[in-house]
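Structural characterization, general
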Amino acid sequence: MSVKELIRYLEGYGISAERKTIYDDIETLRIFGMRIENTRKRPAGYYLADRDFETAELKLLVDAVQSSRFITDRKSRELIGKLEGLTSVYEAKQLRRQVFVENRVKTVNEEIYSNIDRIDRGISGDRQITFQYFEWTLYREMRLKKNGERYRVSPWGLVWKDENYYLIALDEKSGIVKHYRVDKMLKLRVEDLPRSGKEIFERFDPVQFAARTFGMFGGHSENLTIVFHIRLVGVILDRFGRDVTMLRRDEEHFAAMLKINVSTQFFGWLAALGADAQIEAPEKVRREYISFLKQTLSVYENGGLK
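Each value, and the rule that gives it
- Residues numbered from 1 in each chain as written.
- Predicted model: local features only at pLDDT ≥ 70, side-chain atom pairs only at ≥ 80, totals over all residues.
- Heavy atoms only, no water.
- Helix = DSSP H or I, 4+ residues; strand = E, 2+ residues; numbered from the N terminus.
- Rg over C-alpha atoms; globule rule 2.2 N^0.38 Å.
- Buried < 20%, exposed > 50% of the residue type's maximum accessible area, 1.4 Å probe, protein only.
- Pairing = 2+ DSSP bridges.
- Axes fitted to C-alpha atoms, helices over the stretch in contact; angles between N-to-C directions.
- Contact = heavy atoms within 4.5 Å.
- Core = buried A, V, L, I, M, F, W, Y, C linked by side-chain atoms within 4.5 Å.
- Parallel < 35°, antiparallel > 145°, perpendicular 65-115°, else oblique.
- Nonpolar A, V, L, I, M, F, W, Y, C, P; charged D, E, K, R; others polar.
- Expected span 1.5 Å × (residues − 1).
- Arc of directions from axis to C-beta.
- Salt bridge = Lys/Arg side-chain N within 4 Å of Asp/Glu carboxyl O.

**Some thoughts on the overall build of the chain**
Counting secondary structure elements, the chain contains 11 helices and 12 strands. Relative to its length of 306 residues, the chain is extended, with a C-alpha radius of gyration of 27 Å against a globular reference of 19 Å. Considering only C-alpha atoms, the chain reaches an extent of 85 × 55 × 45 Å along its principal axes. Out of the 306 residues belonging to the chain, those deemed buried represent 36%.

**Examining the sheet that holds strand β12 (residues 277–281)**
Read from one edge of the open sheet, four strands run β10-β11-β9-β12, paired in antiparallel fashion. For this open sheet the edge positions go to β10 (245–248) and β12, each flanked by a neighbour on one side alone. Strand-to-strand twist in this sheet, taken as the mean axis angle between neighbours without regard to direction, amounts to 35 degrees. Helix-sheet contacts for helix α10 (residues 264–272) involve β9 (220–229), β11 (253–262) and β12, and the interaxial angle to β9 is about 0 degrees. Across the sheet, helix α11 (residues 283–301) is in contact with β9, β11 and β12; its angle to β12 comes to roughly 140 degrees.

**Examining the pairing of β11**
For a regular strand, the rule is simple: side chains alternate between the two faces of the sheet. For β11, the buried fraction is high: seven of the 10 residues fall into the buried class. Relative to β11, β9 is paired through 10 bridges, and the arrangement is antiparallel. Considered in β11, the bridge of V227 is made with A255. Direction of pairing for β10 relative to β11: antiparallel, over a ladder of four bridges. Paired with M246 across the strands is A256, a residue of β11. Where β10 hands over to β11, the hairpin turn is made up of four residues, counted between the paired strands.

**Observations concerning the nonpolar core**
Within soluble globular proteins, side chains that are nonpolar generally end up buried alongside one another. In this structure, F228, F266 and L270 are the most contacted members of the largest nonpolar core, which totals 22 residues. Contributing elements (two or more residues each) for this core: β9, α9 (233–240), β11, α10, β12 and α11. Looking at which element gives the most residues to this core, the answer is β11, with five residues. By size, the runner-up hydrophobic cluster in this structure holds 15 residues, among which are Y151, Y180, V182 and M185.

**Some details on the packing of helix α3 (residues 55–67) against helix α4 (residues 73–84)**
Packing of α3 against α4 leaves a shortest axis separation of 10 Å and a crossing angle of 175 degrees. In this view, α3 runs roughly antiparallel relative to α4, as classed from their interaxial angle. Two secondary-structure elements touch here, α3 through L58, L61, V62, V65 and Q66 and α4 through S76, L79, I80 and L83. Residue composition of the contact of α3 with α4, by class: seven nonpolar, two polar and no charged.

**Looking at unusual backbone geometry**
Note that the residue after A281, namely P282, is joined by a cis bond; omega there is 0 degrees. Structurally, the position occupied by P282 is in the loop between β12 and α11. The phi angle at K146 is positive, at roughly 55 degrees, despite the residue not being glycine. With a phi angle near 50 degrees, K187 is a residue other than glycine that sits in the positive phi range. With respect to the helices, strands and loops of the structure, K187 is situated in strand β8 (residues 185–194).

**A look at α11**
With 19 residues, α11 extends 26 Å between its outermost C-alpha atoms, agreeing within 8% with the 27 Å of an ideal straight helix rising 1.5 Å per residue. Those residues of α11 not exposed but buried are V285, Y289 and F292. The arc enclosing the buried residues of α11, seen along the axis, measures out at 55 degrees, which places them on a common side. Every exposed residue of α11 that faces more than 90 degrees away from the buried side is listed here: R287, K294 and E301. The elements touched by buried residues of α11 are β9, β11, α10 and β12.

**Some remarks on the pattern of salt bridges**
Tallied over the entire structure, the rule returns 17 salt bridges. Taking the shortest distance from any N to any O, the salt bridge between E78 and K75 comes out at 3.6 Å. Here E78 pairs with K75, and both are found in helix α4, just three residues apart, close to one helical turn. For E78, a relative accessible area of 33% translates into the label partly exposed. R121 is paired through a salt bridge with D117; the nearest N and O atoms lie 3.5 Å apart. One end of the pair is R121 and the other is D117, both in helix α6 (residues 112–124) and four residues apart, which spans about a single turn. A relative accessible area of 42% places R121 in the partly exposed class. Note on D117: relative accessible area 42%, which makes it partly exposed.

Now the structure itself:
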């Protein structure tokens, strides 16, 4: 804004100011650490060069909001509008130009914000939560699982995995650690009952749990030894982290010791690596994988699904 515009703006608030007063005030703000610059480019005038968030940082946040499947379209637009308020009106136009992705897969569950808030209250208040859980039908309709029976769990953490938000919790009925898609929860309540599972979660690593659970599908936990081609070192480190144990076997292969929740989703991931990956131990998981491959191949050899 030019000095003339600043004087006119202040007059709108009933404040009378002269040019010299404006210059003195700007200098005072500079002394107190605000980086106010002057430009002769259009629009000419003074502007605040430093903000809490740089435009590039806000663009990253806008991208994260856009790509988050668990945030509805309406909430995405609201959040992006709030992010625009953290920069100037001119920089906000750049953020709006960035919002061009349509038809991206998004959740339709508008309860997700309140779900996250209540889950957080359950965790911080050391309380159990209950909720209904739904699945989709072929006709794109929500259908409650377990005929609408409420799930009762002790919440211990939230994990963002595969573009979805998951609750890590102890199922009160089975006593097993399970995970639930937050955007598939309905009518979530915080109950006046203390959480269970403290002794389990004192040594539980939710990040490692997410890394070894493929597609966030359940499965039986196993300690596997898998031999990989050396070209897959980066793939393994990206998937399991830098603490994974890897031992060289020869010039072209290495063995990785991995704790995996064995499921068909894990077998699918392994199959995508083709001949560059081989389960070495335990033998029972080797046989499970061979059976998985044979069953998949039989579908094609026998003319399709029956």
